[in-house]
Structures are given as structure tokens and as C-alpha cells.
Amino acid sequence: MITGLDHYKNKWHIASDGSIKPGLDAIKQALAELGNPHKNQNFIHIAGTNGKGSTAAFIAAILMQHGKTVGNFFSPAIEDVHDQIQIDREPVNEEDFDAAFEKLSKTQTPLTDFELLTAAAFLVFNRRKPDFTIIEAGMGGRFDSTNVIDPLISVIPSISLEHTNFLGSTIEKIAWHKAGIIKKGKPVAIGDLPEEAEKVISTIAEYMSSEILKSKDLYEGPLKLKGQHQKANANLAWVAAEKILNTQFKEQMAIKGLSQTSISYRFEEVFPDVIFDGAHNEASVEALVETVKEIFPDRTIHVVMGLLKDKDHEAILRNLETVSDHFTFLHFENERALPAEVLFSKSSSKIKTILNDCDILPVSSKNEVTIVTGSLYLLAILRKRNYSMFEHYRPD
């Protein structure tokens, strides 16, 4: 479900399918009907299991510090569909969406919701003409609807098991999907990947005559975004931006851009001692746990969470239980949401309860830090409701 998309579909009488259908035939046909608005733009394409959004935000910040206008296509939404398409890190307005959907209403090719939004993004960027546009793949890469572009550079921050029902059950299979964004003769910047994933990337990059830019170091400059994984993402963004800008690249501008970068749901303190983090799979939860240990070594941790059904909830619970024995599991409105009772039954926590996302969360201890995590859709719901669950946490 893409929050807010139905408004434009209804307004412009467009039908699209909410299911996931990997493949490029439909999106290519629709874009051809639209005059191929994705052609002749300066794209950066990002695919990976975790770190896509943060790396995209870091690259955008570096480019903007160099005086460039930057488009971003993110997924999923933070609040609604408007913030998935951005210019200079600001959500595009209703006028831009209407202009795009008016054109889409005249196409004949049936699309899924994500294909429809991808086509809308290309139309918006064609209309606004930013200097550079950063496109984040929705799922996988090779057969993702964003993979119709010819980017200046491809970027793969991380690879781990995810969406195994679509992408396969091994690192090698998933790496093959991610490597699908590599284009002939164009460089690919990669983070610190598992050895078996890097082998797949290297083989495909060699076949495509694509230079591999490896980023395995941690950025040591000042960052607002917390955690060792964000230092890795920042360094990867540096490597990619330096390649893109070439002789225009200025280190001090890059440092300033990285230091100012923030992004919602990345260890974001929404109230004092209330952290929202969009960790939703094993690898991102491991990174969250390490960040909690680093930032709050002597604090009691309360985990508030809800997950989607396709996540390895038992592995995620075992990871989070290494930093907390106090859990609150949430019911939230999403057709793919895992029932809170399942999480409750599988939890080994000493203190656990189930709440609805409209309930008020009680404060247990002044020394306690609350980490809200598990699903970006859940975090978006809580934000849209003005954090009503956290009334007792509001500062005086």
C-alpha cells in the first residue's frame, strides 16, 4: 500500500494493481507511451538490502553542497506519497503530481501501483530537470521497475537475505538481482559486501566492463546520523559523489554536506528518549542493536515494535532481546502486518504486552529509552497520528 496514491488514482481515474509483479515489460511500454521521460537524465541508481535511503540522502547532500539541484525517488513513504519524490530533499507538490498523473491517465498499459509511481517520478523529474537524480530501487534491482534507466553510476551499499520469496534464498541469488542495475561501461560503487555477494558483483561487473569502486572504510567526519553502519554509508556516498563530480569535487563541501544530512526513521529521536528506527530485517536490526549498545550502554531499553509478515520475526526478536527484556508489540493497519499475538508468543522477553497503535504507551522508568522499530509503515502511521501513542513522553 502506497499512502496517498489512491487520491491521485481516483482524481485522474487511473486503475492500477496493488500486487508485486517483478518485470520491466509493462513499465517500458508505459514510458514509451509517455515519450520516454526517463531518457537523457543524469541518474544515480541505488539497490541493496539496507542503507539505500541513507546513502541516497548522503549523496544528495554532497551534490547540493556543490551547487547542484538533486532529485530523489525514495521508497517507502515517510508520511505519504509526496515525500517519495523530492527535489533538493523537499517533497514535490500537488501541482507536480497532477501534471504527471494527467499524462498517466492517457496511457493504456496496465501497471502496478509501484510501476505507476515510478512512471510519475520520471515525469516529475523530466518536468523539473534537476542536475542529478538519485533513484532508489524498490525491491531487488534487475526486475525492479526503476531498472529502465542508464545511470552515471550504480551504488550497492549492502546485500543480505530479504524478500526471499521473490529474490531467492541465498546471498548469491540476491546479489544477482542487485547486480542487475549495473550498466555497460558505467561504474558501480559497492559497500562492504559478503564475500559470496562480492564475487557475483565482480563477475557481472567484469562482463559489463564496469569499474568497481570499493568502499570498505568508515567515514570519520562529523555525522548527525548515528551508528557504524551510517559511517559506512557516508563513506560510500563520498566515493560515489567523488566519481560523479570528478574534478569539481571539493572535500570541504563533501564534509559539510555529510555533517548536515538527516533522514527520518534512522535512529531519529522524535521525543527525548524516544527513538524511531526503521530496522525491519535481520541485517538492519543487527545494525540497530550495535548502535543501541554504542549510544546507550548504561540505559534500560524498551522495544516497541510491529512487523510485516514476510520478515524473519524470530531472528529479529532474538537480536533485539540482546539489548532489552521489555517489549510492546503493536497491532497496526496494514494488510501485510504480522499479528501482534505472533510476536508476543515468540518473544522470550520477561516483560511484554500488546497494544493497538492508537493506545497510549505508559512510561515505565526515567532511565528507560524507548526504541520504536520493525516496520517503516508502522512508523509512518504513528507519525501521521501526531505521535498520539507517546503523549506521556512529550517534553514540558
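What comes next is a walk through the structure. (Residues numbered from 1 in each chain as written. Predicted model: local features only at pLDDT ≥ 70, side-chain atom pairs only at ≥ 80, totals over all residues. Heavy atoms only, no water.)

## Notes on the packing of helix 11 (residues 282-295) against helix 12 (residues 313-320)
To keep it simple, the criterion reads: For every element, the axis is a line fit to its C-alpha atoms; helices are fit only across the contacting stretch, and the angle between N-to-C directions ranges from 0 to 180 degrees. Each helix is a run of H or I in the DSSP string that is no shorter than four residues. Each strand is a run of E no shorter than two, and both are numbered from the N terminus. Here the angle decides the label: under 35 degrees means roughly parallel, over 145 means roughly antiparallel, 65 to 115 means roughly perpendicular, and every other value means oblique. It only takes one pair of heavy atoms within 4.5 Å for two residues to be counted as in contact. We call Asp, Glu, Lys and Arg charged. Ala, Val, Leu, Ile, Met, Phe, Trp, Tyr, Cys and Pro are nonpolar, and the rest, Gly among them, are polar.
Relative to each other, helix 11 and helix 12 sit at 10 degrees, their axes nearing to 9 Å. Considered as vectors, helix 11 and helix 12 are oriented roughly parallel to each other. In this structure, helix 11 contributes Glu282, Val285, Glu286, Leu288 and Val289 to the contact, and helix 12 contributes Ala315, Ile316, Asn319 and Leu320. Taken together, the residues of the contact of helix 11 with helix 12 sort by class into 6 nonpolar, 1 polar and 2 charged.

## Some points on the side chain of Ser210
To keep it simple, the criterion reads: Only protein chains enter the accessibility calculation, which uses a 1.4 Å probe; a residue is then buried when its area is under 20% of its type maximum, exposed when over 50%, and partly exposed in between.
Examined against the element boundaries, Ser210 turns out to sit in the loop between helix 8 (195-207) and strand 8 (212-214). Take Ser210: its relative accessible area is 8%, and that puts it in the buried class.

## Structural notes on helix 12
The element helix 12 is extensively covered by neighbouring structure, given that 6 of its 8 residues are classed as buried. Of the residues making up helix 12, those classed as buried are His313, Ala315, Ile316, Leu317, Asn319 and Leu320. Buried residues along helix 12 sit against helix 11, strand 11 (300-305), strand 12 (326-331), helix 13 (340-346) and strand 14 (368-373).

## Quick look at the sheet that holds strand 3 (residues 85-87)
Counted only if it meets this: At least two DSSP bridges between two strands are required for those strands to pair.
Across the sheet, 8 strands lie side by side as 4-3-2-5-1-6-7-8; this open sheet has mixed pairing. Pairing within the sheet leaves two strands with one partner each, and these edge strands are strand 4 (90-91) and strand 8. Bridge count between strand 1 (residues 43-46) and strand 6 (residues 153-156): 3 bridges; the pairing is parallel. Of the residues in strand 6, the one forming a bridge with His45 is Ser154.

## Considering the layout of surface pockets
Stated precisely, the cut-off is as follows: A cavity here means a set of 1 Å grid points, computed over protein atoms only, where a 1.4 Å probe fits but cannot escape. A pocket is an open set with protein on both sides within 12 Å along at least 5 of 7 lines, and lining residues have an atom within 4 Å of a point. Grid points are joined across faces, edges and corners, and a volume is the space filled by probe spheres set on the points.
Here the second largest pocket is characterised by a volume of approximately 250 Å³. If you trace the second largest pocket, you find 13 residues lining it, with Leu161, Glu162, Asn281, Glu282 and Asp312 closest to the centre. Across the lining of the second largest pocket, the residue classes tally to 3 nonpolar, 5 polar and 5 charged.

## As for the sheet that holds strand 14
Taking strand neighbours across the sheet as the criterion, the 6 strands line up as 9-10-14-11-12-13 in an open arrangement whose pairing is mixed. Whereas interior strands pair on both sides, the edge strands pair on one side only; in this sheet they are strand 9 (268-271) and strand 13 (351-356). In this sheet, adjacent strand axes meet at a mean angle of 25 degrees when their direction is disregarded. Two strands pair when backbone bridges link them, and strand 12 and strand 13 are joined in this way by 6 bridges, in the parallel orientation. Within strand 13, the position partnered with Leu330 by the bridge is Leu355. Sheet strands in contact with helix 12 are strand 11, strand 12 and strand 14, and its direction is about 160 degrees off that of strand 11. Those strands touched by helix 14 (residues 376-384) are strand 9, strand 10 (274-276), strand 11, strand 12 and strand 14, and its axis lies near 115 degrees from that of strand 14.

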